[in-house]
Amino acid sequence: MAKKPIQFQLNGSGQAIFAEEGANLLDVLRRGVGDLSPKYGCGQGTCGTCTVLVNGEPRLSCLTLAETIEGQSVETTAGLAHGPQLHALQHAFMDNFAAQCGYCTPGMLMAAKALLDRNPSPSREEVVEAISGNICRCTGYEPIINAVLAAAQSGGRRYG
């Protein structure tokens with residue numbers, strides 16, 4: 001297969017890679033760039049664990065063709081923290097025991113970040129809707145919902 005050059009921003013840093021035509025964004029992030037924070041789950045777009053933000057919008061990286069991100073901005077959980085300072089969502093997930101096995105956590109965090117970026121004071125129903133594309137088998141969702149609401153109350157974007 002032919003390789004295609006792709007340039008994009010990953011967590012604010014410029015990336016230029018060659019990717020196989022037809023490769024998905026998840027493979028390019030994990031194998032091509034070395035960002036292991038998006039997880040492989042179902043590979044069919046039904047679990048949400050591979051959710052990343054493309055230009056601020058949640059996208060399932062297992063279903064997104066890598067070549068479609070040319071010139072775009074991609075955010076993953078690896079870009080949430082600033083050095084040792086965690087994002088408010090990361091703190092809230094810890095404080096509310098929202099990450100148990102942790103497998104769904106990257107996708108949940110990115111879906112929640114997209115919500116808080118566009119709506120800093122969401123209702124419980126809006127949080128439920130925002131994370132509805134992400135499957136969690138451990139928490140029963142209540143700790144996750146509570147964590148997102150707690151992050152919103154703390155300002156949603158703060159670090160510390």
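Residues numbered from 1 in each chain as written. Predicted model: local features only at pLDDT ≥ 70, side-chain atom pairs only at ≥ 80, totals over all residues. Heavy atoms only, no water.

### Brief notes about helix H3 (residues 105-118)
Here H3 contains 14 residues, and its C-alpha end-to-end distance of 20 Å stays within 8% of the 20 Å for a straight helix at 1.5 Å per residue. The element H3 is extensively covered by neighbouring structure, given that 12 of its 14 residues are classed as buried. Residues of H3 that are buried include every one of Thr105, Pro106, Gly107, Met108, Leu109, Met110, Ala111, Ala112, Lys113, Ala114, Leu115 and Leu116, and no others. (Helix = DSSP H or I, 4+ residues; strand = E, 2+ residues; numbered from the N terminus. Expected span 1.5 Å × (residues − 1). Buried < 20%, exposed > 50% of the residue type's maximum accessible area, 1.4 Å probe, protein only.)

### As for the sheet that holds strand E1 (residues 3-10)
One open sheet holds the 5 strands; their spatial order is E2-E1-E5-E3-E4, and the pairing between them is mixed. What marks the edges here is a single partner per strand, and that holds for strand E2 (13-20) and strand E4 (57-60). Across the sheet, the mean angle from the axis of one strand to that of its neighbour is 40 degrees, orientation sign disregarded. In this sheet, strand E5 (residues 73-75) lies alongside strand E3 (residues 51-54) in antiparallel orientation, the contact comprising 2 bridges. From the neighbouring strand, Val54 faces E5, where its bridge partner is Val74. Set on the sheet, H3 makes contact with E3, E4 and E5; between it and E3 the angle comes to about 35 degrees. (Pairing = 2+ DSSP bridges. Axes fitted to C-alpha atoms, helices over the stretch in contact; angles between N-to-C directions. Contact = heavy atoms within 4.5 Å.)

### A word on the side chain of Thr64
Assignment of secondary structure puts Thr64 in the loop between E4 and E5. Residue classification places Thr64 among the buried positions, given a relative accessible area of 5%. Aside from chain neighbours lying at most four places away, what touches Thr64 is Ala23, Asn24, Leu25, Arg59 and Ile69.

### What about the side chain of Thr51?
Mapped onto the elements, Thr51 comes out in strand E3. Look at Thr51 and you get buried, because its relative accessible area is 6%. At 2.6 Å, the side chain of Thr51 and the backbone oxygen of Gly48 are in polar contact. (Polar contact = N/O pair within 3.5 Å; in protein donor to acceptor, adjacent residues only side chain to side chain.)

### Let's talk about the pairing of E2
As paired strands, E1 and E2 are joined by 8 bridges and run antiparallel to one another. The residue bridging Ile6 from the neighbouring strand is Ile17, located in E2. Taking the residues between adjacent antiparallel strands as the criterion, E1 and E2 are bridged by 2 residues, where Asn11 takes a positive phi near 50 degrees.

### So, the pattern of salt bridges
Side chains carrying opposite charge are able to pair once their charged atoms draw close together. Counting across every chain of the model gives 3 salt bridges. In this structure, Lys113 engages Glu75 in a salt bridge whose closest nitrogen and oxygen atoms are separated by 3.0 Å. With a gap of 38 residues between them, Lys113 in helix H3 and Glu75 in strand E5 connect regions that are remote in the sequence. A relative accessible area of 11% means that Lys113 is categorised as buried. Taking the shortest distance from any N to any O, the salt bridge between Lys113 and Asp117 comes out at 2.7 Å. Here Asp117 and Lys113 lie together in helix H3, a separation of 4 residues that amounts to about one turn. Given a relative accessible area of 29%, Asp117 falls into the partly exposed group. (Salt bridge = Lys/Arg side-chain N within 4 Å of Asp/Glu carboxyl O.)

### Section: helix H2 (residues 88-95)
Within H2 the residues assigned to the buried category are Ala88, Leu89, Gln90, Ala92 and Phe93. The secondary structure elements touched by the buried residues of H2 are H3 and helix H5 (142-153).

### Thoughts on the environment of Leu80
Locating Leu80 in the fold gives a position in the loop between E5 and H2. Residue class for Leu80 comes out buried when judged on its relative accessible area of 2%.

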